[in-house]
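Here is what each chain is made of, one letter per residue.
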Amino acid sequence: MKFFIDTADLAQIKEANDLGILDGVTTNPSLMAKVGISGEAAVTNHYKTIAELVDGDVSAEVVSTTFNEIIEEGKKLHAIHPNIVVKVPMIKDGIKALKWFSDNGIKTNCTLVFSAGQAILAAKAGANYVSPFIGRIDDSNWDGVQLIEEIAEIYNIQGYETEILAASIRSPLHIVKCAQAGANVVTSPLEPILGLLKHPLTDLGLAKFLEDAKKFK
Ligand code: E4P
């Protein structure tokens, strides 16, 4: 399973990248706003900086909702850097745009996916990634990880090549469960990724080893 970081914060991207386990980055308009990036020039520049920092796919989301506008915006995003993946919302014109990008060799990530039916449509349209929002599904009293299992089973039966990119991750356990459920990629904020490191027995064991090691110095 590939690890993407879900943020537009350059310091956090660098910290995850320095671990040596980072395969890519996802952003969305809310994450860009959170780090104070606004205006076309600043947004373009920020995506370029991220794409030059990380050796992997960087999802950049369109904010258009009609076919022609999505295509124009997506082409501009794609031109920023070869690793930019155009992130397109799961709407009718988004599906048409996914097919157009697929036919024209531009990689895409279909976002705001909350059902298996939507995931089937994204795959049929040729999306490279499909992003089911695990945490937001859990928030609405459904089971996000179960959706990953369902999509993985369908894609396997049908032979779809679209990669399942588990998004809206809230905890280290989400990452573990998504790996178990068949996600190809997980995109997570930095904290749940670092949370995977933690176990009290590791801390206790290391403290004891370091204490005993002093006896041999
Ligand atoms: C990533 O592609 C999504 O935009 C993101 O994971 C959404 O996460 P949130 O539900 O925590 O906002």
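The sections below set out a description of the structure shown in this document. Since we're looking at a predicted model, the values are computed, not measured. (Residues numbered from 1 in each chain as written. Predicted model: local features only at pLDDT ≥ 70, side-chain atom pairs only at ≥ 80, totals over all residues. Heavy atoms only, no water.)

### Re the overall build of the chain
Each helix and strand in the chain was counted, giving 11 helices and 8 strands. At 19 Å, the chain has a C-alpha radius of gyration in line with the 17 Å of a compact globule built from 217 residues. Dimensions of the chain along its principal axes, counting C-alpha atoms only, are 70 × 40 × 30 Å. Across the 217 residues of the chain, 45% fall into the buried class. Entry remark: accessible area of the chain is about 11400 Å², with carbon and sulfur atoms responsible for 54%. Mean positive and mean negative side-chain charge positions of the chain (20 and 27 charges, respectively) differ by 2 Å. (Helix = DSSP H or I, 4+ residues; strand = E, 2+ residues; numbered from the N terminus. Rg over C-alpha atoms; globule rule 2.2 N^0.38 Å. Buried < 20%, exposed > 50% of the residue type's maximum accessible area, 1.4 Å probe, protein only. Areas by Shrake-Rupley, 256 points an atom, 1.4 Å probe, with all protein chains shown as cover. Lys, Arg positive; Asp, Glu negative; His and termini not counted. Charge placed at Lys NZ, Arg CZ, Asp CG, Glu CD.)

### Details of the site of the ligand
Surrounding the ligand, one finds Asp 6, Thr 26, Asn 28, Lys 87, Phe 133, Arg 136, Ala 167, Ser 168 and Arg 170. Measuring from an oxygen atom of the ligand, one finds a side-chain N or O atom of Arg 136 at 2.7 Å. Contact with the protein chains removes 84% of the 350 Å² of surface that the ligand exposes when unbound. Split by residue class, the shell around the ligand holds 2 nonpolar, 3 polar and 4 charged. (Near = heavy atom within 4 Å. Polar contact = N/O pair within 3.5 Å; in protein donor to acceptor, adjacent residues only side chain to side chain. Nonpolar A, V, L, I, M, F, W, Y, C, P; charged D, E, K, R; others polar.)

### Let's talk about the packing of aromatic side chains
For the structure shown, the criterion picks out 4 aromatic pairs. Geometrically, the ring pair formed by Phe 4 and Tyr 129 is edge-to-face, given 5.8 Å between the ring centres and 70° between the ring planes. In this pair, Phe 4 sits in strand β1 (residues 2-6) while Tyr 129 sits in strand β6 (residues 129-132), placing the two residues 125 residues apart along the sequence. Phe 4 sits in the buried class, given a relative accessible area of 1%. Since its relative accessible area comes to 2%, Tyr 129 is described here as buried. When the ring of Trp 100 is compared with that of Phe 101, the centres are 5.6 Å apart and the planes differ by 80°; the resulting orientation is edge-to-face. Overall, the relative accessible area of 0% leaves Phe 101 in the buried class. For Lys 96, the ring lying beneath its charged end belongs to Phe 67, and the centroid distance is 5.4 Å. (Phe/Tyr/Trp six-rings, centres within 6.5 Å; stacked < 30°, edge-to-face > 60°. Lys NZ or Arg CZ within 6 Å of the ring centre and 35° of its normal.)

### Overview of the pairing of β6
Alternating positions in β6 separate into two faces, Tyr 129 and Ser 131 on one and Val 130 and Pro 132 on the other, with burial throughout. Judged from the 3 bridges that link them, strand β5 (residues 108-113) and β6 form a sheet pairing that is parallel. In the strand pairing of β6, Val 113 is matched with Pro 132. A crossover connection joins β5 to the parallel β6 through helix α6 (residues 116-124); in handedness this β-α-β unit is right-handed. (Pairing = 2+ DSSP bridges. Right-handed = clockwise from strand over helix to strand, strands pointing away.)

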